[in-house]
Amino acid sequence: MIPLKISKEAAKHFLVSYHNLNGTQGFSGSEGVLQYFGRVKSIQYDPLNVVGRNPDLVLQSKVEGYKPSMLHALLYEKKALVDGFDKEMCIYLAEEFPFFSRVRAAAGERVKLTLTYRNQLEALNILDEVRDHICRNGKTGTKDISIGKVELSGWGHSKLSSAALDYLYNIGELCVVEKRGTQKYFDFTERVLPSKILERNDFDSQEDFIDWYVKRRIRSVGFLWNRRGGAWQGHYLSDTETRTKSLQRLCDKGEITLFHIEGMDFPFYMATEDQSFLETRSPKKQVKILAPLDNVLWDRDMVAKIFDFEYSWEVYLPVHRRKYGYYVLPVLYGNDLVARFEPVKASKGEPLTIKNWWWEPGVKKTEALMEKTDQALKAFAGYLSVPSQKTYRDFLK
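Below or above, wherever it landed, is the structure these notes cover. Keep in mind the model is a prediction, meaning the values are calculated, not measured.

Along the backbone of the protein chain there are 13 helices and 14 strands. The buried share of the protein chain, taken over its 397 residues, is 52%. A separation threshold of at least 6 residues defines the contact pool for the protein chain, and within that pool the share at least 24 residues apart is 61%. Summed over all atoms, the accessible surface of the protein chain reaches about 18500 Å², with 49% contributed by carbon and sulfur. Side-chain charges in the protein chain split into 58 positive and 52 negative, and the spacing between the mean points of these groups amounts to 5 Å.

See the structure below:
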């Protein structure tokens, strides 16, 4: 069988259509949020909030009329979504919770190693005390329980009880039931998720689990190559040998399709059922603002090769090492990444303001591009529920 071969432009169009960055999928409102999760499976969570947290930034570019209150309701009121470890800390469909038992077990072992390194392994000796507190008091945050002080440091917990809560969360015994800012509140998972979900069976074998996980990760991005990078982060999938064997099995079963992109040496893989996105027709070009940890950007090297766009989230770099700025967001126009900008932190009642704007080399600043960018920034202010400037054109020069 001759592998499928597509142009770089077709590859870009696939990703834009797959993620509804051109509006072809019609995702809208809370139902649209669930439809998007049903497709990509996970969205990475990060607590930093400059113009919304990462999941909100991901969803505002994919779902028409999205507001952060929608995600909060789906997580903590309707229990349709759940916080959990996947690539990193992520949000995914609650119905998938049972399938992550192996990932949670591996996460628990990782936490034990971390506690050992930080000389906080005693946290595991107070698990029953922490369980008893939650049993009696219900929803519990780290500020609600104080057992066992530890030496303060730049990393880790200042209380053994906080470390114990984190461990119980990582192994899945506890679930996040609320977030207030960056503060998590926990309760027993069996109290949070419906029994019909928790009673679902895990996979019959390790091989079945790995194949499910590899295909799922491919669908989180749209397509992937088999090269080490951010998209394959996390337990099990970062192991090249394990991943390679699974990709071959999935190809043999016809669940994924191997293809090539013109001008690139490495093969790529997509879920076989997603090939139809190569055939979607785009409406008029749209301008979309992407999240720093957007699913499209999970593999930065792949993005650089396909979109000719070098992007690094510089938020954790010291100032002298930053090329652009603290919190910089990519800008998509049609099928191309054409710019990036650094917003001023959003404040209630204050207009959305741009600190710096950088066009990519060679971008033609046509009237259509300028007008649609201005409209996109006004819509972005609407998502944040803050006023917009009368025009953003002066920021775009």
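Here we come to the packing of helix H2 (residues 29–40) against helix H4 (residues 68–76). Geometry of a packed helix pair, given as the angle between the helix axes and the separation of the axes. Taken N-terminus to C-terminus, the directions of H2 and H4 make an angle of 65 degrees; their axes are 10 Å apart at the nearest point. Accordingly, the angle class assigned to the pair H2 and H4 is roughly perpendicular. Along this stretch, H2 crosses H4, giving a crossing that reads as right-handed. Contacts from Gly29, Ser30, Val33, Leu34 and Phe37 of H2 reach H4 at Met70, Leu71 and Leu74. Its residues assigned to classes, the contact of H2 with H4 comprises 6 nonpolar, 2 polar and no charged.

This brings us to the sheet that holds strand E9 (residues 256–261). Spatial ordering of the open sheet is given by E1-E9-E10-E8, a layout of 4 strands whose pairing is mixed. Strands at the two margins of the open sheet, each flanked by one partner only, are strand E1 (4–6) and strand E8 (224–225). Looking at chain direction, E8 and strand E10 (residues 268–271) are connected through 2 bridges and run antiparallel. By the bridge assignment for E10, leucine 224 is matched with tyrosine 269. Set on the sheet, helix H10 (residues 206–221) makes contact with E8, E9 and E10; between it and E10 the angle comes to about 95 degrees.

Before going further, it helps to spend a moment on the environment of leucine 15. Along the chain, leucine 15 falls in helix H1 (residues 8–18). The spacing of leucine 15 and glutamate 262 is 247 residues in sequence and 16 Å in space, taken between C-alpha atoms. Once residues within four sequence positions are removed from consideration, leucine 15 is found in contact with Val221, Gly222, Phe223 and Phe307.

Moving on: the pattern of salt bridges. Tallying each qualifying case throughout the model produces 28 salt bridges. Note that lysine 12 is salt-bridged to aspartate 336, the shortest N-O span being 2.5 Å. Of this pair, lysine 12 sits in helix H1 while aspartate 336 sits in strand E13 (residues 336–343), and the two are 324 residues apart along the sequence. Among the salt bridges present, the one from glutamate 367 reaches arginine 393, with a minimum N-O distance of 2.8 Å. One end of the pair, glutamate 367, is in helix H13 (residues 367–384); the other, arginine 393, is in the segment after H13, with 26 residues separating them in the sequence. Here glutamate 367 falls in the exposed class, since its relative accessible area comes to 54%. Bridged by salt links that share partners, the residues Glu207, Asp211, Lys215, Arg249, Lys253, Glu255 and Glu273 form one connected network.

Right, let's talk about the side chain of serine 220 for a bit. Among the structural elements, serine 220 can be located in helix H10. Since its relative accessible area comes to 0%, serine 220 is described here as buried. Non-local contacts of serine 220, meaning those with residues more than four positions away in its chain, are made with His19, Val40, Lys41, Ser42, Asn295 and Trp298.

Analysis parameters
Residues numbered from 1 in each chain as written. Predicted model: local features only at pLDDT ≥ 70, side-chain atom pairs only at ≥ 80, totals over all residues. Heavy atoms only, no water. Helix = DSSP H or I, 4+ residues; strand = E, 2+ residues; numbered from the N terminus. Buried < 20%, exposed > 50% of the residue type's maximum accessible area, 1.4 Å probe, protein only. Contact = heavy atoms within 4.5 Å. Areas by Shrake-Rupley, 256 points an atom, 1.4 Å probe, with all protein chains shown as cover. Lys, Arg positive; Asp, Glu negative; His and termini not counted. Charge placed at Lys NZ, Arg CZ, Asp CG, Glu CD. Axes fitted to C-alpha atoms, helices over the stretch in contact; angles between N-to-C directions. Parallel < 35°, antiparallel > 145°, perpendicular 65-115°, else oblique. Left-handed = near helix turned anticlockwise from the far one by under 90°. Nonpolar A, V, L, I, M, F, W, Y, C, P; charged D, E, K, R; others polar. Pairing = 2+ DSSP bridges. Salt bridge = Lys/Arg side-chain N within 4 Å of Asp/Glu carboxyl O.

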